[in-house]
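What the coordinates show
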Amino acid sequence: METPILHCDLNGFFASVECLLDPAIRHLPVAVGGDVEARHGIVLAKNEIAKKYKIQTGEALWQARQKCPQLHFVKPSYQRYADFSKAAQRIYLDYSNKVESFGIDECWLDVSGSALLFKDGDEVAEIIRARIEEELGITCSVGVSWNKVFAKLGSDMKKPNAVTVITKENYREKIWPLPVSDLLYVGPATTKKLRNFGVYTIGSLAQLEPDFLRRSLGKQGELIWRYANGLDAAPVHNLDWRTTIKGIGNSTTTPYDLTTNADVKRIFYMLAESVAQRLRKNGLKAKLVQIWIRSNDLSGFERQTPLAKATCLTGEIAESAYKTFLPNYDWQRPIRSLGIRATTLSPLQNDRQYDLFDSEQRRERWEKIEHCMDGLRARFGSKIMTRALLAKEQTKIRANEGAPTFMHSAEISEADEYRLKNE
């Protein structure tokens, strides 16, 4: 096989780690998520027993509990998962220096450099699968193909603890009958459009005219046509390669319904504190602020507002979000959850605009103050200081500090964001 590419997927990763570390729950249906009593969070992972109850990654915890009343919830422990992820990556690096992360639990490997040691990618895949199980105590499914898209589809086809090989001779038989929604970057909206064209499988997508897809879906249409036909030529990047950050955000589902503008303003400041801190950490400023609101009947909307100046300041992001919210909500229903996203990003030192009416020196002083606060929080913990506006809420509501819910921190990759929106 030319340029053998592997896609390694740690099975039910978060749940597998929790069950490994706590033998008492191994025989139970287990889901890793947020706080059920606080109405906070979604299912991030589930074990094989929970899968039998049709528990889905990304669904609300209360929905999962309805499907399986005896479901055992475990709050996520991200440091544990990061440690196991790094341990798995150390195993991958024994076989290739080209290891590209696709989220915390998945990686692509280009193992063409191992050709002198192993006869083919299948052999490397079997060795890695066995080592993950023996050395880490969890399981891994591996897809083997000549391109990244088909390798990922292969790792999804047999779970848990299996190796699937997709070749140029068998891909039409194995890949084309799959639902078109299984193809990388074909989300719910694109799936719906394709179904309107009578396209339900990857094979039917592959046999369409690319010009038709380009006219109907733009560049993405041509891209997914190439994926369906095995024409993905994207290389496997090194482990330290990172995609460009396009946006940084955070959201929360509150433990009680919000009923006043003052409630909303406090939560916006809490979310903006986290967003602004991550902007500064990544050396970025935002020129656009987006908000997302969901009422207690689960209906919602999004709005966005451009900023007069690019910023990484908590107050400017929060106030922009609040001013965007005010004319767009009539309070016919209480609010259940809300989020902020900072986007249209630029480097921290760019976009210095001086004018007669706004002191840039004052903004620079605030940036220095907030950088100082970041250092104190990093050293002594996030609760070392808080704004007076948030003091009453501090023990009641917690923003999703890095948790992959509606919006995501800079530490959550685009892969995690894509999967949680589409699974």
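All figures in this text were calculated on a predicted structure; none of them were measured in a lab. (Residues numbered from 1 in each chain as written. Predicted model: local features only at pLDDT ≥ 70, side-chain atom pairs only at ≥ 80, totals over all residues. Heavy atoms only, no water.)

**Notes on the overall build of the chain**
Across its full length, the chain carries 15 helices and 12 strands. Per-residue burial for the chain yields a buried fraction of 51% across its 423 residues. Contacts in the chain between residues at least 24 apart in sequence constitute 68% of all its contacts with a sequence separation of at least 6. With an accessible surface of roughly 20,600 Å², the chain has 52% of that area assigned to carbon and sulfur atoms. (Helix = DSSP H or I, 4+ residues; strand = E, 2+ residues; numbered from the N terminus. Buried < 20%, exposed > 50% of the residue type's maximum accessible area, 1.4 Å probe, protein only. Contact = heavy atoms within 4.5 Å. Areas by Shrake-Rupley, 256 points an atom, 1.4 Å probe, with all protein chains shown as cover.)

**Observations regarding the sheet that holds strand β7 (residues 140–145)**
With respect to topology, 5 strands assemble into an open sheet ordered β5-β6-β1-β7-β8, the strand pairing being mixed. Edge positions in the sheet fall to β5 (99–101) and β8 (163–165), since each has one partner strand and no second. Pairwise comparison of adjacent strand axes, ignoring direction, gives a mean angle of 20° for this sheet. Running over the sheet, helix α5 (residues 121–136) touches β1 (5–10), β6 (106–110), β7 and β8 and is turned about 170° from β7. (Pairing = 2+ DSSP bridges. Axes fitted to C-alpha atoms, helices over the stretch in contact; angles between N-to-C directions.)

**Examining helix α1 (residues 13–21)**
Three or more residues of α1 are buried, namely F13, F14, A15, V17, E18 and C19. Looking at the buried side of α1, the elements it contacts are β1, β2 (30–32), β3 (45–46), β4 (72–74) and α4 (78–92).

**A short note on empty space enclosed by the protein**
Applying the stated criterion across every chain, the model contains 1 cavity of 30 Å³ or more. Of the volumes computed, that of the largest cavity is approximately 40 Å³. Looking at the largest cavity, the residues that line it are C8, L10, S85, A88, Q89, Y92, I104, D105, E106 and C107. Looking at the lining of the largest cavity, the elements with two or more residues in it are β1, α4 and β6. For the lining of the largest cavity, the element with the most residues is α4, which contributes 4 residues. Split by residue class, the lining of the largest cavity holds 6 nonpolar, 2 polar and 2 charged. (1 Å grid on protein atoms, 1.4 Å probe; cavity = no way out; pocket = protein on both sides within 12 Å on 5 of 7 lines; lining within 4 Å. Points joined across faces, edges and corners; volume = space filled by probe spheres on them. Nonpolar A, V, L, I, M, F, W, Y, C, P; charged D, E, K, R; others polar.)

**Digging into the packing of helix α10 (residues 210–217) against helix α11 (residues 219–228)**
Orientation of α10 relative to α11, taken along the N-to-C sense of each, is 140°, at an axis distance of 6 Å. One finds that α10 runs oblique with respect to α11. Across from P210, L213, R214 and L217 in α10, the residues of α11 making contact are K219, Q220, G221, E222, I224 and W225. A per-class count over the contact of α10 with α11 returns 5 nonpolar, 2 polar and 3 charged. (Parallel < 35°, antiparallel > 145°, perpendicular 65-115°, else oblique.)

**Describing the pattern of salt bridges**
Counting across every chain of the model gives 17 salt bridges. Where R80 meets E18, a salt bridge forms, and the shortest distance between an N and an O atom there is 2.8 Å. Of this pair, R80 sits in helix α4 while E18 sits in helix α1, placing them 62 residues apart in sequence. Overall, the relative accessible area of 37% leaves R80 in the partly exposed class. Judged by relative accessible area, which is 5%, E18 ranks as buried. Note that E48 and K51 form a salt bridge whose closest N and O atoms lie 3.0 Å from each other. Separated by 3 residues within a single helix, E48 and K51 lie in helix α2 (residues 48–51), roughly one turn from each other. Classification of E48 by relative accessible area gives partly exposed; the value is 37%. Judged by its relative accessible area of 29%, K51 is partly exposed. Taken together, the salt bridges that share partners define one network made up of D9, E106, K152, D156 and K159. (Salt bridge = Lys/Arg side-chain N within 4 Å of Asp/Glu carboxyl O.)

**Some remarks on unusual backbone geometry**
Going from K159 to P160, the amide bond is cis rather than trans, its omega being -5°. Inspection of the secondary structure assignment puts P160 in the loop between α6 (148–157) and β8. A positive phi angle, near 60°, is found at N161, a position not held by glycine. Overall, the relative accessible area of 22% leaves N161 in the partly exposed class. The phi angle at W331 is positive, at roughly 60°, despite the residue not being glycine. Within the element layout of this structure, W331 appears in the loop between α13 (314–325) and β12 (335–347).

**Digging into the packing of aromatic side chains**
Under the definition given, this model contains 16 aromatic pairs. On the numbers, 5.6 Å between centres and 70° between planes, the contact of W146 with Y171 is edge-to-face. Within this pair, whereas W146 is found in the loop between β7 and α6, its partner Y171 is found in helix α7 (residues 171–174), the two being separated by 25 residues in sequence. When the centroid spacing of 5.2 Å and the interplanar angle of 90° are considered together, the rings of Y329 and W331 count as edge-to-face. A relative accessible area of 15% means that Y329 is categorised as buried. A relative accessible area of 24% places W331 in the partly exposed class. Here the aromatic residues F268, F301, F325, Y329 and W331 are joined through ring pairs into a cluster of three or more. When the ring centre of W108 is taken as reference, the NZ or CZ atom of K148 above it lies at 4.7 Å. (Phe/Tyr/Trp six-rings, centres within 6.5 Å; stacked < 30°, edge-to-face > 60°. Lys NZ or Arg CZ within 6 Å of the ring centre and 35° of its normal.)

**Side note on the packing of helix α12 (residues 261–281) against α13**
Viewed as axis vectors pointing N to C, α12 and α13 meet at an angle of 140°, and their least axial separation amounts to 8 Å. Of the possible angle classes, the one that applies to α12 and α13 is oblique. Of the two possible hands of crossing, α12 and α13 adopt the one that is right-handed. Here α12 contributes N261, V264, K265, F268, Y269, A272, E273, A276, L279 and R280 to the contact with α13, which in turn contributes T314, G315, I317, A318, E319, A321, Y322 and F325. (Left-handed = near helix turned anticlockwise from the far one by under 90°.)

**Here's the deal with the sheet that holds strand β10 (residues 284–295)**
Read from one edge of the open sheet, 4 strands run β9-β12-β10-β11, paired in antiparallel fashion. With one partner strand each, in any of the chains shown, β9 (247–258) and β11 (300–311) form the two edges of the open sheet. When the angles between neighbouring strand axes are averaged without regard to direction, this sheet yields 15°. In terms of strand pairing, β10 meets β12 through 11 bridges, oriented antiparallel. The residue bridging I291 from the neighbouring strand is I340, located in β12. Contacts between α13 and the sheet are confined to β10, β11 and β12, with β11 contributing the most and set at about 140° to the helix.

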